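Structure assessment
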Amino acid sequence: MVLDKDKAANEVKEDLIFFKDIFFVINKNRIPILFFTILTGFLGAFYVNFKKPTWGGEFQIVLRDENNQVNQTLNSVRGAEILKNIAGIETNNGNIKTEVEILTSQSILRPIYKNDVRKSSKALEKPYVSYKKWLKSLSVELKKGTNVLDISYKSKDKNTVLPILNKISKTYQDYSGESRKIGLLKASSYLNEQIKVMTFNSKSSMDKLQTFSIKNNIGSFDGLPNPNNLESKFDGAINKIENDNKTSSGSSDLSQDPSFNKGSQTFKQNRYKAQFLKLEELETNLRELSAFYKPSSQRIKSLKLRIEQLKTTISRPKDILVEYRELYRTAMRNEKLLSNLEDELSTLNLLKAKQKDPWKLISTPTLIDEPVAPNKLSFYFLSIIFGFSSSSLFFFYKNYRNGYILSSYRLIDLLSFPLLKTFSTDTKILWKNDIELIRKNILNNINDSSLGIIPICNLSSDNYSYFYEIFNKNLEKQKISVSKNLNELENCDKVLLIILQNESKYNEIYSLVESLKLSKINVVGWIFLEQF
């Protein structure tokens, strides 16, 4: 935890040192930086005043999810799920962002570029821009949280802005109904193909049923099912007779069978209407006579025999009835499917004929009154910022490349002896007092001792000359030796190191530190001269 705090403190310290170095470079080179900043600002203002303006226009349109629109349209048709799959429509709600991507695709915009942009450039005898570059002048953005699409277009040719926007608007509105049309056409084509197949199947199954019915004397006289589905009643009556024959449990009264007793109106087209009515009459007679005659009487026996014989004439073998039912169900199923398909196609044709409103324009294409670019004020300020930044970076890099020392903080860890004092040019009036303190407390007022100075700078530097002049006056009785050669300073009792900001270099310090390791010079500390 302590290490983390120390690391964070060191990082903050490094940042402060870095910004202080930058400030020093800017302050020292303020005149050339100011000159270059003003120059770039002037050039920027000159350029923006002579640059050809860019004109812009815009309009807004409300998008609908076309997948969802066709989805809702097909919901009104029977078998909607199948038709949606055939038409290539997802049953879940589409994403409006997908519509935006389609509207910015080449399939929508490239025809506009080819037929309008390039032709207008050719007519004006101007070099036309590439498609990718032209796209950068067009902005299509969806407003956050809405289905409103913002379309804006920019061009240096003021006369082409509105025509291009009108073309884009028309293209987008035409596209708005295109998905619906394609989806409905796919569904309609599918239904037409299925109707052809089911027409053939229905005719074939009905022919088979008719042939089988006439051959086996089942069903109506023409062998075709009647409109009221009477064959199901006939099947019920036949089943009743077969069950009675199997059980042989007394007399059978078909008039009580719900499958049979539907009245003469129900059986008016039945082939066996007369037989069933006769059977009903005989069974009624049998029931009435059974109240007066014994079962063993000749009259009762004769009546039962006639009933049994009549049942036999209208009954059919089981395999014939089963086959008849299968043929009948197949024919009815095919007929019903064909009828449903024809109904669906009729509904779909009505939907195709119904006109769908295009996407709604919130605002019509409008030309903006003032040029959208360049923004003169913004461009001027950007020029100033660019001039200041680039010149500051240049001088900072120059100092960094030359290896000049800009601050004393980086030297503290490099030098093993202490920093005695940082002398700033802003406080030259206090230098004399500080030098006196050094003489008393560091040099110990030993007048007969010798003092050495190692200057890591140019000896003719103004700040160093001023420092040495005051320093020498305070130590008039003491012998002072000034040299960069360590051999000449080995006899000195104490040695001071003088480092000058923006003149001393790091490579000189590195070399000095290595050389001091080889000598016996007593370096008591170092002094840093700031040049603000």
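See the structure printed just above.
Sequence order as written defines the numbering, with residues in each chain counted from 1. Totals for whole chains, interfaces and linings use every residue, but because this is a predicted model, local features are given only for residues with pLDDT of at least 70 and side-chain atom pairs only at 80 or more, for both listing and counting. As a convention, hydrogens and water are excluded, and side-chain values are obtained from all of the structure's heavy atoms.

Moving on to the overall build of the protein. Looking only at helices and strands, the protein features 18 helices and nine strands. Only protein chains enter the area calculation, which uses a 1.4 Å probe; residues under 20% of their type maximum are buried, those over 50% are exposed, and those in between are partly exposed. Taken over 532 residues, the protein has a buried fraction of 39%. Counting contacts in the protein only where the partners sit at least 6 residues apart, residues at least 24 apart contribute 80% of the total. Per-residue accessibility takes into account occlusion by the displayed protein chains alone, with areas from the Shrake-Rupley method and a 1.4 Å probe. Per element, the accessible surface of the protein, about 31900 Å² overall, is 55% carbon and sulfur. Helical segments are the DSSP runs of H or I of at least four residues, strand segments are the runs of E of at least two, and each set is numbered from the N terminus. Contacts: residue pairs with any heavy atoms within 4.5 Å of one another.

With an omega of -5 degrees, the peptide bond between A373 and P374 qualifies as cis. Checked against the element boundaries, P374 lands in the loop between β4 (360-367) and α14 (376-402). With phi around 65 degrees, N502 is a residue other than glycine that occupies positive phi space. Note on placement: N502 falls in the loop between β8 (494-500) and α18 (506-516). For N502, a relative accessible area of 10% corresponds to the buried category.

In plain words, nonpolar cores are sets of buried Ala, Val, Leu, Ile, Met, Phe, Trp, Tyr and Cys residues tied together by side-chain atoms within 4.5 Å. Within the largest apolar cluster, 26 residues are counted, with the highest numbers of intra-cluster contacts made by W134, L149, I151 and Y172. Counting only elements with at least two residues in this core, the list comes to β1 (55-62), α5 (96-103), α6 (106-123), α7 (131-135), β2 (138-142), β3 (148-155) and α8 (158-216). With six residues, the top contributor of residues to this core is α8. Aside from chain neighbours lying at most four places away, what touches Y172 is I61, L103, I108, L109, V140, L149, I151 and W359.

Counting through the fold element by element, G44 comes out in helix α2 (residues 30-50). Spatially, the C-alpha atom of G44 lies 8.6 Å from that of F381, the residues being 337 residues apart in sequence. Ignoring any residue separated from it by four or fewer positions in sequence, one finds G44 in contact with F379 and S383.

All of the buried residues along α18 are Y506, I509, L512 and L516. Seen along its axis, α18 keeps its buried residues to an arc of 120 degrees; they face one direction. For α18, exposure combined with an orientation more than 90 degrees from the buried face picks out N507 and E514. Those residues of α18 that are buried are in contact with α15 (409-412), β6 (450-456), β8 and β9 (523-530). Note that the arc is defined by the directions from the helix axis to the C-beta atoms.

A few words now on the sheet that holds β2. Here, any two strands with at least 2 DSSP bridges between them count as paired. Ordered in space as β2-β3-β1-β4, the four strands form an open sheet in which the pairing is antiparallel. Of all the strands in the sheet, just β2 and β4 have a single pairing partner and so form its edges. Within the sheet, the average angular offset between the axes of one strand and its neighbour, ignoring direction, is 10 degrees. Where β1 meets β4, five bridges bridge the pair, whose relative direction is antiparallel. Bridging across to β4, G57 finds its partner in L367. Only the stretch in contact is used when fitting a helix axis, every axis being a line fitted to C-alpha atoms; angles between N-to-C directions are given from 0 to 180 degrees.

A pair of packed helices is captured by two measures, namely the crossing angle of their axes and the spacing between those axes. Direction vectors running N to C along helix α16 (residues 431-441) and helix α17 (residues 462-474) enclose 50 degrees, while the axes themselves pass 10 Å from each other. Taken together, α16 and α17 sit at an angle that is classed as oblique. Crossing of α16 against α17: the hand is right-handed. Residues W431, K432, I435, E436 and R439 of α16 touch α17, and the partners they reach there are N463, Y466, F467, I470, F471 and N474. In terms of residue class, the contact of α16 with α17 is made up of six nonpolar, two polar and three charged. Relative orientations are named as follows: roughly parallel for angles under 35 degrees, roughly antiparallel for angles over 145 degrees, roughly perpendicular for angles from 65 to 115 degrees, and oblique for any other angle. When the near helix sits turned anticlockwise from the far one by under a right angle, the crossing is termed left-handed; a clockwise turn instead gives a right-handed crossing. Side-chain classes are defined by residue name, with Ala, Val, Leu, Ile, Met, Phe, Trp, Tyr, Cys and Pro counting as nonpolar, Asp, Glu, Lys and Arg as charged, and the others, Gly among them, as polar.

Moving on, we get to the pairing of β1. Among the eight residues that make up β1, six are buried, leaving the element largely enclosed by the rest of the structure. Pairing of β1 with β3, which is carried by eight bridges, proceeds in the antiparallel orientation. Paired with G56 across the two strands is K154, which belongs to β3.

With seven of seven residues buried, β8 is to be regarded as a mostly interior element. Neither face of β8 is open: one carries K494, L496, I498 and L500, the other V495, L497 and I499, and all of them are buried. Strand direction decides the pairing type here: β6 and β8, joined by six bridges, are parallel. Considered in β8, the bridge of G452 is made with V495. Bridge count between β8 and β9: six bridges; the pairing is parallel. By the bridge assignment for β9, L496 is matched with G525. Taken together, β8, α18 and β9 form a β-α-β motif whose crossover is right-handed. Classification remark: right-handed applies to a crossover when, strands pointing away from the viewer, the course from the first strand over the helix to the second runs clockwise.

In this section: α2. Here, expected helix span is obtained from the residue count minus one, scaled by 1.5 Å. Here α2 is 21 residues long and its end C-alpha atoms lie 30 Å apart, about the 30 Å a rise of 1.5 Å per residue gives. Listed as buried for α2 are I33, T37, T40, G41, G44 and V48. What you see down the axis of α2 is that its buried residues fit within an arc of 105 degrees, all on one side. Away from its buried face, by an angle of more than 90 degrees, α2 presents the exposed residues I31, F35, I38, F42 and F50.

If you trace the backbone, I453 turns up in strand β6. Along the primary structure I453 and S483 are separated by 30 residues, whereas in three dimensions their C-alpha atoms are 6.5 Å apart.

What follows concerns the sheet that holds β8. Reading across from one edge, β5-β9-β8-β6-β7 is the order of the five strands in this open sheet, with parallel pairing throughout. Among the strands making up the open sheet, the edge pair consists of β5 (419-424) and β7 (479-482). Taken over all neighbouring pairs, the strand axes of this sheet differ in orientation by 20 degrees on average, direction set aside. In the packing of α16 onto the sheet, contacts are made with β5 and β9, and the angle to β5 comes to roughly 170 degrees.

Only Phe, Tyr and Trp rings are paired, with Trp represented by its six-membered ring, and only when their centres lie within 6.5 Å; those with planes under 30 degrees apart are stacked, over 60 edge-to-face, the remainder tilted. Evaluated as defined, the whole model comprises 17 aromatic pairs. Each ring, one from W431 and one from Y466, has its centre 5.3 Å from the other, and the planes form 55 degrees; the classification is tilted. Note that W431 is positioned in helix α16 and Y466 in helix α17, a separation of 35 residues in sequence. Here W431 falls in the buried class, since its relative accessible area comes to 1%. Among the residues examined, Y466 registers a relative accessible area of 29% and is labelled partly exposed. Taking 6.3 Å as the distance between ring centres and 70 degrees as the angle between the ring planes, the aromatic pair formed by W431 and F467 counts as edge-to-face. Remark: F467 occurs in helix α17 and W431 occurs in helix α16; sequence separation between them is 36 residues.

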